[in-house]
Amino acid sequence: MEPTTLTKPKWIRVKLPSGKNYNELRQIVDKYKLNTICQSGSCPNMGECWGEGTATFMILGNICTRSCGFCGVKTGRPSEIDWEEPEKVARSIKLMKVKHAVLTSVDRDDLKDMGSIIWSETIKTVRRISPGTTMETLIPDFQGIHKHINRILEAAPEVISHNIETVRRLTREVRIQAKYDRSLDVLHYMKEQGQRRTKTGIMLGLGEKPSEVYESIKEIHDARVDVITIGQYLQPSKKHLPVKEFISLDQFKEYESFARSLGNFKHIESSPLVRSSYHAEKHVN
């Protein structure tokens, strides 16, 4: 017997992407064969963000070595490294006149450096070609290996983000090859090394209990994270984990209030359509 599909509440529905800026940006992305998490991850905010001329670029290909149950990115054997990718991404950012760029990537556990060299080169190349652009880098955990994380820290993007994604109990099911405490350690390590702005995000509606969400927010706070995003999980396809619950707007407000009560968070985004790169330009300061 197949699980019952929940009906989306009205606050989850979004308009189809359209408009001049959206079409121009899409043409650039297609022309330079760029990967964006907006497309690969089926982001519900793509129309809004692309309409404003911003996008989240995904480097290191569009095939991930991990098989997270929530993620719309393809899983399998990734393609060869494109060493021209840093230049392509940087020139596209300049062409698009992006003021704040978000960079992310698939996990590349197949590589000795786990993709950290391309990551570093991309950040440095954007700095060289588009010096006026600020950056957020949404990085994988690099298996918690400090020498790989250090390459990102040394390249010095304004914001470094790494997502917890879900509560401790559900991590094994939701993020099969990841570890909850390892992700917390990555976030804490970056802050210890002097990173000015760190960030993480969690999704709700996967079967977590409110008490578990409060616990995760507290542990994220204790890791000295500056920015937290809390949004509703949406199932990318029937092959992915089902939505167990649509969280109410009032509940999102309660989580936001709790996070604020802890102090020290510089920014808190908590509502159904929030994704990790949503309103990212506001998180620099």
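See the structure printed just above.
Counting restarts for each chain, with residues numbered from 1 along the sequence as it is written. The predicted origin of the model limits local features to residues at a pLDDT of at least 70 and limits the giving and counting of side-chain atom pairs to 80 or more, whereas totals for whole chains, interfaces and linings rest on all residues. Excluded from the side-chain calculation are hydrogens and water; included are all heavy atoms of the structure.

## Observations regarding the packing of aromatic side chains
Rule in force here: Aromatic pairing here means that ring centres of Phe, Tyr or Trp (its six-membered ring) are within 6.5 Å. Orientation follows from the plane angle: under 30 degrees is stacked, over 60 is edge-to-face, and everything else is tilted. The numbering of helices and of strands both runs from the N terminus, where a helix is a DSSP run of H or I of at least 4 residues and a strand a run of E of at least 2. With a 1.4 Å probe rolled over the protein chains alone, any residue whose accessible area is under 20% of its type maximum counts as buried; one over 50% counts as exposed, and the rest are partly exposed.
Applying the stated criterion across every chain yields a total of two aromatic pairs. Ring geometry for Tyr 214 against Tyr 255: centres 5.1 Å apart, planes inclined by 65°, an arrangement best described as edge-to-face. One end of the pair, Tyr 214, is in helix H9 (residues 210-222); the other, Tyr 255, is in helix H10 (residues 249-262), and 41 residues separate them in sequence. When its relative accessible area of 4% is taken as the criterion, Tyr 255 is described as buried. With a centroid separation of 4.9 Å and 70° between ring planes, the pair formed by Tyr 214 and Phe 258 is classed as edge-to-face. One end of the pair, Tyr 214, is in helix H9; the other, Phe 258, is in helix H10, with 44 residues separating them in the sequence.

## Some words on the side chain of Glu 269
Our working rule: Lys and Arg are tallied as positive, Asp and Glu as negative. Neither His nor the chain termini are counted. Salt bridges are identified by distance alone: a Lys or Arg side-chain nitrogen within 4 Å of an Asp or Glu carboxyl oxygen. Counting of polar contacts relies on pairs of N or O atoms within 3.5 Å, with two restrictions inside protein: one atom must be capable of donating a hydrogen and the other of accepting it, and residues adjacent in sequence are counted only when both atoms are side-chain atoms. In what follows, a contact means two residues having at least one pair of non-hydrogen atoms within 4.5 Å.
Structurally, Glu 269 is set in strand E9 (residues 267-270). Put simply, Glu 269 is tucked away with no salt bridge, and the nearest opposite charge, on Lys 282, sits 5.6 Å away. Here the side chain of Glu 269 touches His 283 through a polar contact of 3.1 Å, side chain to side chain. When sequence neighbours within four positions are dropped, the list of residues in contact with Glu 269 reads Ile 228, Thr 229, Ile 230, Val 274, His 279 and His 283.

## Points about the pattern of salt bridges
Considering all chains together, one arrives at 14 salt bridges under this definition. Here Glu 87 ties to Arg 91 by a salt bridge, and the two come within 3.0 Å at their closest N and O atoms. Pair noted here: Glu 87 and Arg 91 are both in helix H4 (residues 85-95), with a separation of four residues, about one helical turn. Taking the relative accessible area as the measure of exposure, Glu 87 reaches 28% and is therefore partly exposed. Where Lys 218 meets Asp 222, a salt bridge forms, and the shortest distance between an N and an O atom there is 2.9 Å. Of the two residues, Lys 218 and Asp 222 are both situated in helix H9; the distance of four residues between them amounts to about one turn of the helix. Exposure remark for Asp 222: the relative accessible area of 41% places this residue in the partly exposed category.

## A few points about the packing of H4 against helix H5 (residues 116-129)
Spelled out, the test is: Only the contacting stretch of a helix is used when fitting its axis, a line to C-alpha atoms as for every element, and angles between N-to-C directions run 0 to 180 degrees. We call a crossing left-handed when the near helix sits turned anticlockwise from the far one by less than a right angle, and right-handed when that turn is clockwise. Each residue gets one label: Ala, Val, Leu, Ile, Met, Phe, Trp, Tyr, Cys and Pro are nonpolar, Asp, Glu, Lys and Arg are charged, and the others, such as Gly, are polar.
In contact at an axis separation of 8 Å, H4 and H5 are set at 35° when each is read in the N-to-C sense. Between H4 and H5 lies a crossing whose hand is right-handed. The segment H4 lies against H5, with Glu 85, Pro 86, Glu 87, Val 89, Ala 90, Arg 91, Ile 93 and Lys 94 engaging Ile 118, Glu 121, Thr 122, Thr 125, Val 126, Arg 128 and Ile 129. Classifying every residue of the contact of H4 with H5 by side-chain character gives seven nonpolar, two polar and six charged.

## Concerning the sheet that holds strand E1 (residues 56-59)
Our working definition: The criterion for strand pairing is that DSSP finds at least two bridges linking the strands in question.
Pairing in this open sheet of seven strands is parallel, and the strands run E1-E4-E5-E6-E7-E8-E9 from one edge to the other. The open sheet is flanked by E1 and E9, the only strands paired with a single partner. Averaged over all pairs of adjacent strands, the angle between strand axes in this sheet comes to 20°, irrespective of strand direction. Relative to strand E6 (residues 159-161), strand E5 (residues 134-138) is paired through three bridges, and the arrangement is parallel. Each residue of the ladder has a partner; that of Leu 138, found in E6, is Ser 161. Taken strand by strand, H5 contacts E1, strand E4 (100-105) and E5, and its axis lies near 165° from that of E5.

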